[in-house]
Amino acid sequence: MRFITDVGQLLSALNLPQELSSIPEGNSNPFPLKVSESFAARISPKDPNDPLLLQVLPSKEELNKVPGFSPDPLEEGSASVTKNLLSKYKGRVLLSPTGVCPIHCRFCFRRHYKDIDHKDLEASIEAIRSDKTISEVILSGGDPLMLSKEALLKLVTALADIPHLKRLRVHTRVPVAIPEEIDSEMVSIFRNNRLTTLFVIHANHPNELDDSVKGAVKEILKGGITILSQSVLLKGINDDSATLGRLFEALVDIGVTPYYLHNLDKVAGAAHFYVEELKGKEILGILRETLPGYMVPRYVKEVPGSPCKVAIL
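Residues numbered from 1 in each chain as written. Predicted model: local features only at pLDDT ≥ 70, side-chain atom pairs only at ≥ 80, totals over all residues. Heavy atoms only, no water.

A tally of helices and strands in the protein yields 10 helices and 12 strands. Relative to its length of 313 residues, the protein is compact, with a C-alpha radius of gyration of 19 Å against a globular reference of 20 Å. Across its three principal axes, the protein shows a C-alpha extent of roughly 55 × 50 × 40 Å. Across the 313 residues that make up the protein, the buried fraction comes to 55%. Partitioning the intrachain contacts of the protein with sequence separation of at least 6 by distance along the chain shows that 80% fall at a separation of at least 24. Here the protein carries 37 positive and 39 negative side-chain charges, and the mean point of each set is 5 Å from the other. (Helix = DSSP H or I, 4+ residues; strand = E, 2+ residues; numbered from the N terminus. Rg over C-alpha atoms; globule rule 2.2 N^0.38 Å. Buried < 20%, exposed > 50% of the residue type's maximum accessible area, 1.4 Å probe, protein only. Contact = heavy atoms within 4.5 Å. Lys, Arg positive; Asp, Glu negative; His and termini not counted. Charge placed at Lys NZ, Arg CZ, Asp CG, Glu CD.)

Okay, here's the thing in structure tokens:
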């Protein structure tokens, strides 16, 4: 897998002016550019408003300090069991085995997250083993599929050996960001154990779903794994019913069930992507009138301390 981490290189490859991104790189930018070459290849050249480009290109607007937007908008620190294990919902926990991602999405609510070491991971697995009320583990991050296959197999095997666990849910951007990494060997890691496994992939725009992504999804489905999707409502990228309608229809057509449409978490540096809930409800109203019910995801937001996602009705 190969990544672009230099803004100038990305802009040159897309035949765009260098001044398009004026945010300083290096030490002054703790969340620098990172995008897979595979994802970057789907960005339209010469288009500064390409919806895929806007998701990954650092912007000076990220430096704005906006009231109500903070480094930990979901107050996940208060839900920590260990450094990388969160207990927010009854019967399930969220485990982040790595802070590494295939793309640095500019709206990421964990953009201030730090990576963990193996001792943290071992402590988390032991905490899960000792709590018999847990039936489901959600692998998140970072992106769990950025682990090596060896490390991923070791982790999944350790979880499958915990008797009271029933399900494993994998939240990942890899099938969209670097679909070439999804092969039979990786899928077999999740297929060849007793846990019921679900993948939740992340896609925000129909242009992300090229033939390589379709191939990755097909490979996962061959392993008997259910695939859901989650998307984030983003200003200037997908905040209209036509774009979201095409996205959800395209997902269903390749075998993915739209699961959640998230209202943006108010993380510092992402305020310029925020869409007011009233507009989001209007968009969802149109989608309910124009799409089959199974294509329309639940429109939700996270509220710190809530026992579940909060539906925006």
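So much for the structure itself; the text now carries on.
Glancing now at the environment of Asn 193. With respect to the helices and strands, the residue Asn 193 is situated in the loop between helix H7 (184–191) and strand S8 (196–202). Sequence separation between Asn 193 and Leu 261 is 68 residues, and the spatial gap between their C-alpha atoms is 30 Å. With sequence-adjacent residues up to four places away left out, Asn 193 is seen in contact with Val 156 and Ala 160.

Position of Gly 245 among the secondary structure elements: in helix H9 (residues 241–253). Put simply, Gly 245 and Thr 290 are 45 residues apart on the chain and 8.3 Å apart in space, counted from C-alpha to C-alpha. With residues up to four places along the chain from it excluded, the contact list for Gly 245 reads Leu 287 and Leu 291.

Following the criterion strictly, the structure yields 4 aromatic pairs and no others. Relative to Phe 199, the ring of Phe 190 lies with its centre 5.2 Å away and its plane at 85°, an arrangement referred to as edge-to-face. Where Tyr 259 meets Tyr 260, the ring centres are 4.0 Å apart and the plane angle is 25°; that geometry is what we call stacked. Across this residue pair, the class does not change: Tyr 259 and Tyr 260 are buried. (Phe/Tyr/Trp six-rings, centres within 6.5 Å; stacked < 30°, edge-to-face > 60°.)

Now for helix H10 (residues 277–290). Taking 1.5 Å of rise per residue, 14 residues should cover 20 Å, and H10 covers 20 Å from first to last C-alpha, within 8% of that figure. Looking only at H10, the buried set comprises Gly 280, Ile 283, Leu 284 and Leu 287. The buried side chains of H10 occupy one side of the element, clustering within an arc of 100° when seen end-on. Relative to its buried face, H10 has exposed residues pointing more than 90 degrees away, namely Leu 278 and Glu 289. The inward-facing, buried residues of H10 contact H9, strand S10 (257–262) and strand S11 (298–301). (Expected span 1.5 Å × (residues − 1). Arc of directions from axis to C-beta.)

Under the 1.5 Å per step criterion, the end-to-end length of helix H8 (residues 211–222) is 16 Å for 12 residues, consistent within 8% with the ideal 16 Å. Considered for burial, the residues of H8 that qualify are Val 213, Ala 216, Val 217, Glu 219 and Ile 220. Buried residues of H8, viewed axially, fall in a sector of 155°; they line one side. Pointing more than 90 degrees away from the buried face of H8 are the exposed residues Asp 211, Lys 218 and Lys 222. On the buried face of H8, the contacting elements are helix H6 (174–177), H7, S8 and strand S9 (226–232).

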